[in-house]
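The primary structure of each chain is shown beneath.
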Amino acid sequence: MRFPVSAPTSIETLLQRAHQLTGQSFAQLAEDAGLVMPNDLKRDKGWVGMMLEQYLGASAGSKPLQDFPELGVELKTLPVDEFGQPLETTFVCVAPLVNTSGLNWLNSNVRNKLSCVLWLPIDGRRAVPLGQRVVGQPFLWRPTAEQDQALQRDWEEHMDRISLGEVEAITARQGEFLQIRPKAADGRALTDAVGPDGQIIQVRPRGFYLKKTFTRAILEQVFNAV
DNA sequence: CCGTGATCATAC
DNA sequence: GTATGATCACGG
């Protein structure tokens with residue numbers, strides 16, 4: 001493997017690259033990429049995801065775009081346990097808290113990000129040293145009509161609250177599959193939002209996350225198809 | 001500060 | 001045991 005890897009020009013190329021990662025250990029991948037592997041992920045929470053982006057040729061940077069804009073594909077690593085079940089929720093994107101009047105599900109960032117996802121299950125077992133963990137079997141996923149509708153219901157519920165100035169009343173328990181939780185560098189990060197009386201208030205930035213029940217269902221649908 | 005990549009760690 | 005709310009690193 002030579003770095004940097006060029007952007008894949010087709011979904012087939014992207015999938016081929018992803019499949020070549022299956023079964024490889026993080027230690028081996030780090031070495032081949034010339035990366036220093038941390039001892040654990042305590043202070044490097046996004047390390048695995050960023051390394052795999054390099055291998056697949058994802059455009060670097062922090063732009064609010066898909067990882068492969070030309071292919072319309074978003075890359076998501078998904079840490080799983082020994083039973084292949086998700087260990088974490090999945091961050092989707094930041095939640096807009098102001099100027100929400102023109103937003104709807106069809107033009108939403110959430111729907112755009114989730115319209116086509118290359119899921120890359122990874123070994124997330126804490127008991128296993130990071131270098132010994134391996135990459136799982138990738139798969140390309142598009143939401144079914146039912147999944148899209150379920151996400152839309154959650155999204156609209158959340159956006160209604162945000163528009164009505166109820167952002168501070170939103171809890172991660174709300175939403176069947178799509179939740180809203182804080183998303184910030186630390187407790188001091190603040191951003192504009194709509195308050196109860198329509199005024200601008202300062203709140204912790206929020207993000208949309210997929211609950212584990214949702215990603216678990218995707219994994220089951222793909223790997224335990226009856 | 002914002003958005004990217006996420007996992008941590010404590011309350012439940 | 002596990003989900004929620006908090007937090008870590010980095011580029012722009």
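Refer to the preceding data block for the structure.
Definitions and cut-offs
Residues numbered from 1 in each chain as written. Chains lettered and ligands numbered in written order. Predicted model: local features only at pLDDT ≥ 70, side-chain atom pairs only at ≥ 80, totals over all residues. Heavy atoms only, no water. Near = heavy atom within 4 Å. Polar contact = N/O pair within 3.5 Å; in protein donor to acceptor, adjacent residues only side chain to side chain. Helix = DSSP H or I, 4+ residues; strand = E, 2+ residues; numbered from the N terminus. Nonpolar A, V, L, I, M, F, W, Y, C, P; charged D, E, K, R; others polar. 1 Å grid on protein atoms, 1.4 Å probe; cavity = no way out; pocket = protein on both sides within 12 Å on 5 of 7 lines; lining within 4 Å. Points joined across faces, edges and corners; volume = space filled by probe spheres on them.

Chemist: Would you take a moment to explain the protein's contact with DNA strand B for this structure?
Modeler: Contacts to DNA strand B come from 26 residues, most closely from Thr-77, Lys-113, Arg-126, Lys-183 and Thr-191. Sugar and phosphate atoms represent 62% of those atoms of DNA strand B found within 4 Å of the protein. Between a base oxygen of DNA strand B and a side-chain N or O atom of Lys-45, the distance comes to 2.8 Å. The set of elements that each furnish at least two residues to the surface near DNA strand B consists of α3 (47-56), β1 (74-80) and β2 (90-94). Take the surface near DNA strand B: its biggest share by element is 4 residues, from β1. Partitioned by chemical class, the residues of the surface near DNA strand B number 8 nonpolar, 6 polar and 12 charged.

Chemist: Any chance you could explain the layout of surface pockets here in plain terms?
Modeler: With a probe scaled to a water molecule rolled over the atoms, the places where space remains empty come into view. Within this model, the second largest pocket holds a volume of roughly 280 Å³. Lining of the second largest pocket is provided by 18 residues; of these, Val-80, Asp-81, Phe-83, Gly-84 and Gln-85 occupy positions nearest its centre. Those elements giving two or more residues to the lining of the second largest pocket turn out to be β3 (117-123) and α6 (212-223). Element by element, the count of residues in the lining of the second largest pocket is highest for α6, at 4 residues. Counted by class, the lining of the second largest pocket contains 8 nonpolar, 5 polar and 5 charged residues.

Purely spatial values, then, with no claim about function.
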